[in-house]
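Chain by chain, the residues run as shown.
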Amino acid sequence: MPVIGIYNPVCGDQTAKSFFEEQVFPLCERYSISVSSILGTERVNHVGELVQQALEKTPVTEVLTIILGSGDGTLHEMINYLSSTELRGRAGIPPEIHLVIIPCGTANALFSSLFPADPGESSDTSSIEYRLQSLRSFIKGPDSHLVPLTLAITTLSSPPNTRLRPKAIASTVVVSTSLHASILHDSECLRDEMPGIERFKVAAEQNSTKWYNSSAKILPVASLGIVQLYDPDTKEFISHPDADEDDPFVDLYGPFAYFVSTVNVDRLEPAFRITPLAKDITPSEATCDLVVVRPFSDPTVSMDTPEAREIFSTKLWDIMKAAYENGNHINLQYDEEGNLTTEGEGPLVVEYIRCGGWEWIPDDMDDDAHLICLDGAISTIEKGGRAVCVAATPQAKAGFMVHG
Ligand SMILES: Nc1ncnc2c1ncn2[C@@H]1O[C@H](COP(=O)(O)OP(=O)(O)OP(=O)(O)O)[C@@H](O)[C@H]1O
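The model shown is predicted, which means the values in this text are computed figures rather than measured ones. Per chain, residue numbering runs from 1 following the sequence as it is written. Residue-level local features of this predicted model are given only where pLDDT is at least 70; pairs of side-chain atoms are given and counted only at 80 or more, and the full residue set underlies all totals for whole chains, interfaces and linings. With hydrogens and water stripped out, all remaining heavy atoms of the structure feed into the side-chain values.

1. Some remarks on the sheet that holds strand β5 (residues 146-148)
Judged by pairing direction, the sheet is mixed, and its six strands sit side by side in the order β2-β1-β3-β4-β22-β5 without closing on themselves. Two strands close off the open sheet at either side, each with one partner strand: β2 (37-40) and β5. Looking at each pair of strands side by side, their axes are set apart by 30° on average, direction ignored. By definition, residues are in contact when any of their heavy atoms lie within 4.5 Å. Lines are fitted to the C-alpha atoms to define the axes, a helix being fitted only along its stretch in contact, and any angle between axes, read from their N-to-C directions, falls within 0 to 180 degrees. Helix and strand definitions here come from DSSP, where helices need a minimum of 4 consecutive H or I residues and strands a minimum of 2 consecutive E residues; each element is numbered from the N-terminal end. Seen against the sheet, helix α1 (residues 16-30) touches β1 (3-7), β2, β3 (64-70) and β4 (96-103) and runs at an angle of roughly 140° to β3. Any two strands with at least two DSSP-identified bridges between them are counted as paired.

2. Re the domain arrangement of the protein
Marked domain ranges trace back to an automatic or database domain assignment. Parsing the protein into structural domains produces domain 1 (3-144) and domain 2 (151-392). Put simply, the middle of domain 1 and the middle of domain 2, counted by C-alpha atoms, are 29 Å apart. On the domain 2 side, the residues contacting the 16 residues of domain 1 number 22 residues. Taking both sides of the interface into account, the surface hidden between domain 1 and domain 2 amounts to around 1500 Å²; carbon and sulfur atoms contribute 60%. By definition, the buried area sums, over both parts, the 1.4 Å-probe accessible area that each loses when the two are put together. The largest per-residue losses of area from domain 1 upon contact with domain 2 belong to His76, Thr106 and Ser113, which jointly make up 35% of the total buried on that side. Each polar contact in these results corresponds to two N or O atoms within 3.5 Å; when the atoms are within protein, one needs to be able to donate a hydrogen and the other to accept it, and residues that are neighboring in sequence are counted only if both atoms are side-chain atoms. For the pair domain 1 and domain 2, the interface holds seven residue pairs in polar contact (both at pLDDT 80 or more). Of all the secondary structure elements, the ones that give two or more residues to the side of domain 1 that touches domain 2 are α3 (72-83) and α4 (109-114). With six residues, α3 is the largest single contributor of residues to the side of domain 1 that touches domain 2. Asp, Glu, Lys and Arg are counted as charged, while Ala, Val, Leu, Ile, Met, Phe, Trp, Tyr, Cys and Pro are counted as nonpolar; the rest, among them Gly, fall into the polar class. For the side of domain 1 that touches domain 2, a count of residues per class yields seven nonpolar, eight polar and one charged.

3. Brief notes about the site of the ligand
The nearness test applies per residue and asks whether one of its heavy atoms lies within 4 Å of the molecule or strand. Around the ligand sit 19 residues in total, of which Thr41, Thr74, Glu77, Thr106 and Arg191 are the nearest. In the model, an oxygen atom of the ligand is placed 3.1 Å from a nitrogen or oxygen of the Asn8 side chain. Within the backbone of Gly71, an N or O atom sits 2.9 Å from an oxygen atom of the ligand. Relative to its unbound accessible surface of 640 Å², the ligand loses 80% to contact with the protein. Of the residues contributing to the shell around the ligand, the split by class is four nonpolar, ten polar and five charged. For accessible areas, the Shrake-Rupley method is used with a probe of radius 1.4 Å. Any residue's cover is judged against the shown protein chains and nothing else.

4. A look at the pattern of salt bridges
Every case where a carboxyl oxygen of Asp or Glu lies within 4 Å of a side-chain nitrogen of Lys or Arg is listed as a salt bridge. The tally for this structure, following the rule as stated, stands at 18 salt bridges. Of the charged contacts in the structure, one is a salt bridge between Glu188 and Arg191, with a shortest N-O distance of 2.8 Å. The closest approach of N and O atoms between Arg309 and Asp304, which form a salt bridge, is 2.8 Å. Relative accessible area decides the class of each residue, using a 1.4 Å probe on protein chains only: under 20% of the type maximum gives buried, over 50% gives exposed, and in between gives partly exposed. Judged by relative accessible area, which is 34%, Asp304 ranks as partly exposed. Bridged by salt links that share partners, the residues Asp266, Arg267, Arg273 and Asp280 form one connected network.

5. Describing the pairing of strand β22 (residues 399-403)
Most of β22 sits out of view: four of its five residues are buried. The pairing of β4 with β22 spans four bridges and is classified as parallel. Across the sheet, the residue bridging to Glu96 is Gly399, located in β22. Summarising the sheet, β5 and β22 pair through three bridges and their orientation is antiparallel. Each residue of the ladder has a partner; that of Leu146, found in β22, is His403.

6. Considering helix α2 (residues 46-57)
Here, expected helix span is obtained from the residue count minus one, scaled by 1.5 Å. Helix length check: α2 (twelve residues) gives 17 Å between terminal C-alpha atoms against 16 Å at 1.5 Å per residue, within 8%. Looking at the buried side of α2, the elements it contacts are β1, β2, β3, α3 and β4.

7. Observations concerning the nonpolar core
One recurring pattern in soluble globular proteins: nonpolar side chains tend to sit buried together. One finds Val51, Ile66, Met78, Leu99, Ile218 and Trp358 to be the most contacted residues of the largest nonpolar core, which totals 98 residues. By residue number, the principal contributor to this core is helix α10 (residues 306-324), which donates seven residues. The two domains that each donate at least three residues to this core are domain 1 (3-144) and domain 2 (151-392). Excluding anything up to four places from it in sequence, Val51 contacts Ile6, Leu64, Ile66, Met78, Leu82 and Ile97. Among buried residues, the Ala, Val, Leu, Ile, Met, Phe, Trp, Tyr and Cys ones that are joined through side-chain atoms within 4.5 Å form a nonpolar core.

8. Some remarks on the packing of α2 against α3
For the pair α2 and α3, interaxial distance at closest approach is 8 Å and the crossing angle is 55°. As summarised for this structure, α2 and α3 are arranged oblique, according to the angle between their axes. Considering the relative orientation of α2 and α3, their crossing is right-handed. Counting all contacts with α2, which are made through Val47, Gly48, Glu49, Val51, Gln52 and Leu55, the residues of α3 involved are Thr74, Glu77, Met78, Tyr81 and Leu82. Across the contact of α2 with α3, the residue classes break down as six nonpolar, three polar and two charged. Under this scheme an angle from 65 to 115 degrees is roughly perpendicular, one under 35 degrees roughly parallel, and one over 145 degrees roughly antiparallel; angles in between are oblique. In a left-handed crossing the near helix is turned counterclockwise from the far helix by less than a right angle, and in a right-handed crossing that turn is clockwise.

9. Let's talk about the state of the cysteines
Counting rule for disulfides: a pair of cysteine sulfur atoms within 2.5 Å. By the definition in use, this model includes zero disulfides. Free of any disulfide, Cys11 has its nearest cysteine sulfur in Cys104, 5.3 Å distant. Take Cys288: it sits in no disulfide, and the sulfur closest to it among the cysteines is that of Cys389, at 4.3 Å.

10. Focus on the layout of surface pockets
The definitions used throughout rest on a 1 Å grid laid over the protein atoms alone, on which a cavity is an enclosed set of points accommodating a 1.4 Å probe that cannot get out and a pocket is an open set flanked by protein within 12 Å on both sides along at least five of seven lines; lining residues are those having an atom within 4 Å of a point. Grid points are joined across faces, edges and corners, and a volume is the space filled by probe spheres set on the points. Considered as a void within the structure, the second largest pocket measures approximately 590 Å³ in volume. Around the second largest pocket, the lining is made up of 27 residues, and of these Leu82, Ser83, Pro94, Pro95 and Phe400 lie nearest the centre. Put simply, the parts of the chain that give the lining of the second largest pocket at least two residues each are α3, β6 (151-157), β7 (167-171) and β22. With four residues, the top contributor of residues to the lining of the second largest pocket is α3. Classifying every residue of the lining of the second largest pocket by side-chain character gives 17 nonpolar, eight polar and two charged. Mapped onto the domain boundaries, the lining of the second largest pocket takes at least three residues apiece from domain 1 (3-144) and domain 2 (151-392).

Next comes the structure, spelled out in C-alpha cells:
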C-alpha cells in the first residue's frame, strides 16, 4: 500500500516542514513505514496536482495513504481538485484515499474534532504527541480506526436567466453564511499580522452588528423524511414543528445573524464547539448539523434598527462565548426580558437543526448575505442566485477515510 507525505509550508505558523523533518518522518522510520515521496506544496491547488500524480502511479486495486500536514483548507483543495480531474489509467474507477492528518493549519477543525482535547485539563494542542495522534492510529492499525468523510456538496447557481452552469464545491468541515462567512472573509487580510486563531476574534468584532437578509429552505434527512430540531428540554432531536409528512421542508425567514452548517466535525477550533451534537448524538447517515441565530426570535426585538443591532450584538457575543463552554449555546433560551437563560420555556436562542441539506437565497439588496464560506474559502453568490448544500454519503471503497 503506497504511502506519501505532503505538507503545506505556509499554513498556520509555517512550521509544517520542520515538524515533518523532526517528528513525522523519524517516527515513520522507527516503525518501518516506507514513505515513497515527501513533498511540500508550492502554490495554491498544488496539493491536487501532487495527489493526482501519486494516484496515477497507484494500482487501481490499492489504497493510497497520504500523510497530510496542513489545515482544513489544503484538504478542501485536494478533494475539489480530484473531483474535477480525470485520472489516467484508472478506467473511471474512483480511488480510495486514506488520510493521516498532521494538524499544521490555523484552526484544524477536522483534526481537533477527531482528537478533542480534554476541556477539563490544560491539554496543549500544540504538543508533539497531540499532533501525532492520527499518525499513531495509522501505525497501530493501518486498516482500523478509519473514519469515512461525509461531503457537503454546495451548488452555487447564477440567476436562471443567465443560463450559466452551476458550480459545485465539496466541503469536509463547514459551509456557512452570515457572521461566520464575514469573519473568514475579513480574517484572511489579517493572516500575516496574526497567524493564530486570534485573527478570527478581531474579524468577529468588526462584523458583530451585521444582520443578513435572506431566506433559507431546509431539506429533510433522507432516511427519515423530516427535518430535525434539537429540543434543549428533552436534550433530544424532535421533528421540526414547522414541517410534516405532506410538506417536509422548513422555510426560515431572515434576518439572520448566524448560519453555520458542518459535516464531520463538532468544532471549528479546538475549543469552539459549535455543533456539539455531531459527537453527542452521532448521526447515522450523511447529514448537515446547522446552527442558526435569528434576531427576531428574541422577544424584545421587533424591528431592524441600528440600536436593536447594537443591543443584539452583545447577546450574539454571549452565544459565541457559550459555544466555547463545551457547546452550551445550544441550551440557551430567552426569558421575557430577552435575557439569555438555560432555564424556563422561552423561545430558542439557537436553532440547532439536523437536516439533509439547505438552500440559501440571499436578498439582492444585501451584499454581505451573498458571502458563503466553504471550509474557510470564501465565494460570492451572484445577485439573483442561490446556494444549495447537500450532505453526501461516502461510497464504499471510494472516497476519503481519515485515521481517527
Ligand atoms: N507554497 C504555497 N504558497 C502559498 N500558498 C500556498 C502554498 N501551499 C499551499 N498554499 C495555500 O495555503 C492555504 C492555507 O492552507 P490551509 O487552509 O491548509 O491552512 P490554514 O488556513 O492555516 O488552516 P485552517 O484551514 O485549519 O484554518 C491553502 O488555501 C493553499 O492553497
